[in-house]
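One-letter residues, chain by chain:
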Amino acid sequence: MGGQESLFGGLLNETFNNSLRLPFSLWSSHMSVSCFHVGLSWIPILLAMILSSTFFISYILAIYKGSVEPDFPMISATGAVPPESCIFSQGLNLSAFLSLICCYIWYGIASQQTRYMGTKQPRCLLKWCSVTGIIGSLGLSIVGNFQQMSVEVVHVIGAVMSFIGSIAYILIMTHLCRRYLGYHSYYWAPRLCIGIGCILSGISFVGCKMALHLKNPDRPSSSLSRILPSDPVYAESVCSSASEWILGFLIILFFLTLAPEFRRYALQLPEVGKIKQLLFPYSRPETFLTPSTRICANMKNIVSAPCLF
């Protein structure tokens with residue numbers, strides 16, 4: 001009995017000592033950013049809520065203060081002066097950050113779904129899709145931080161980056177979903193319609209803007225926020241403003257189409273570990289930060305999120 005007890009105790013001690021030498025990553029609990037039955041769909045929904053509420057709050061405050069006329073002012077004009085400019089910039093910065101996260105998550109999803117295609121994997125299209133998404137997000141942040149009344153040139157550059165980048169992102173994503181990811185039409189067809197609507201709205205916006213400036217070339221842009229019905233360029237101004245509002249809300253609607261797709265995924269938070277315990281579990285550890293952001297497909301299988309470039 002004594003020998004059996006000593007043998008059993010030795011096995012327990014050996015098992016315990018071996019368990020202590022397991023990699024740190026097996027002991028650490030993986031924290032993931034998701035909601036039960038919702039997954040990551042709350043991110044595009046939150047983005048749509050923040051961006052739309054920013055537009056509406058800035059519009060209401062600008063009308064209340066008399067900064068703009070209520071008949072379809074330019075979106076930028078509603079956030080040109082304080083305090084609405086503060087809300088406008090903060091809301092657009094948050095929206096730009098969330099849209100960047102959405103671009104990263106979708107890139108990870110698409111890369112994992114096409115990883116077995118070999119040479120037929122659309123790596124170039126995936127990278128261009130990410131680049132256009134980054135350009136659109138950066139442009140949105142520039143629009144919010146550089147108001148029209150303060151730095152008009154930078155504001156216009158940001159608006160062009162935001163709209164063109166977003167339209168290109170929508171079209172490239174739609175093509176990837178239809179051609180390479182094999183999505184059902186109820187995923188990519190609404191995005192295709194939104195992309196076509198964005199193109200038409202953008203063409204209408206540019207055309208009305210050109211007609212407005214050709215009809216009254218000497219008028220400064222700062223005065224276009226208070227155009228009355230008796231003004232000779234009133235129709236062109238309302239047309240361009242309405243096109244801009246339609247384009248903005250079409251982009252918001254596009255991000256809402258990502259919610260059903262993101263519902264099946266979770267984003268794992270970066271993990272803090274020790275480099276030698278993670279890589280060499282039998283060596284003496286040293287402190288190191290190991291970024292292990294992963295996409296959890298269907299809340300079960302953990303796969304590494306690829307690098308963008």
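The numbering scheme is per chain: residues are counted from 1 as the chain's sequence reads. Local features are withheld for residues below a pLDDT of 70 in this predicted model, meaning they are given only at 70 or higher, and side-chain atom pairs are given and counted only at 80 or more; totals for whole chains, interfaces and linings count all residues. Only hydrogens and water are removed before side-chain values are computed, so all heavy atoms of the structure are retained for them.

**Q** Looking at this model, I keep getting lost on the overall build of the protein chain. Mind explaining?
**A** Think of it this way: any DSSP run of H or I at least four residues long counts as a helix, any run of E at least two long counts as a strand, and we number them from the N terminus. Check the secondary structure of the protein chain and you find eleven helices and six strands. For the protein chain, buried positions account for 43% of its 309 residues. Pairs at least 24 apart in sequence give 72% of the contacts found in the protein chain among residues at least 6 apart. Exposure was quantified through the Shrake-Rupley algorithm and a 1.4 Å probe, taking into account, for residues, occlusion by the shown protein chains and nothing else. Only carbon and sulfur atoms are counted for the fraction: they give 68% of the accessible area of the protein chain, which is about 16700 Å². Only protein chains enter the calculation, and the probe is 1.4 Å; a residue is then buried if its accessible area is under 20% of its type maximum, exposed if over 50%, and partly exposed in between. Note on contacts: a residue pair is in contact if any heavy atoms of the two residues lie within 4.5 Å.

**Q** Would you take a moment to explain the environment of Ile63 for this structure?
**A** Here Ile63 is to be found in helix H3 (residues 42-65). A residue is classified by how much of its surface remains accessible, and Ile63, at 29% relative accessible area, is partly exposed. Remark: the alpha-carbon pair of Ile63 and Pro73, spanning ten residues in sequence, is separated by 9.5 Å. Residues contacting Ile63, with those up to four places away along its chain left out, are Val68 and Pro70.

**Q** What's the story with the packing of aromatic side chains in this structure? I'm lost.
**A** Between two aromatic rings, the relevant description is the distance of the centres plus the angle of the planes. Only rings of Phe, Tyr and Trp enter the pairing, Trp through its six-membered ring, and a pair is recorded when the two centres are within 6.5 Å. The plane angle decides the type: under 30 degrees is stacked, over 60 is edge-to-face, the rest tilted. This structure, assessed with the given rule, holds nine aromatic pairs. When the centroid spacing of 5.6 Å and the interplanar angle of 40 degrees are considered together, the rings of Phe56 and Phe249 count as tilted. Here Phe56 is found in helix H3, whereas its partner Phe249 is found in helix H9 (residues 234-256), with 193 residues between them in sequence. Phe56 sits in the partly exposed class, given a relative accessible area of 45%. Residue classification places Phe249 among the partly exposed positions, given a relative accessible area of 27%. Geometrically, the ring pair formed by Tyr169 and Phe254 is edge-to-face, given 5.9 Å between the ring centres and 90 degrees between the ring planes. Placement of Tyr169 in helix H7 (residues 152-179) and of Phe254 in helix H9 is noted, with a sequence separation of 85 residues between them. Given a relative accessible area of 3%, Tyr169 falls into the buried group. Clustering of aromatic rings is evident, with ring pairs tying together Phe55, Phe56, Tyr59, Trp245 and Phe249. Looking at Arg179, its charged tip hangs above the ring of Tyr180, at a distance of 5.2 Å from the centre. Only when the NZ atom of a Lys or the CZ atom of an Arg is both within 6 Å of the ring centre and within 35 degrees of the ring normal do we say a charge sits over the ring.

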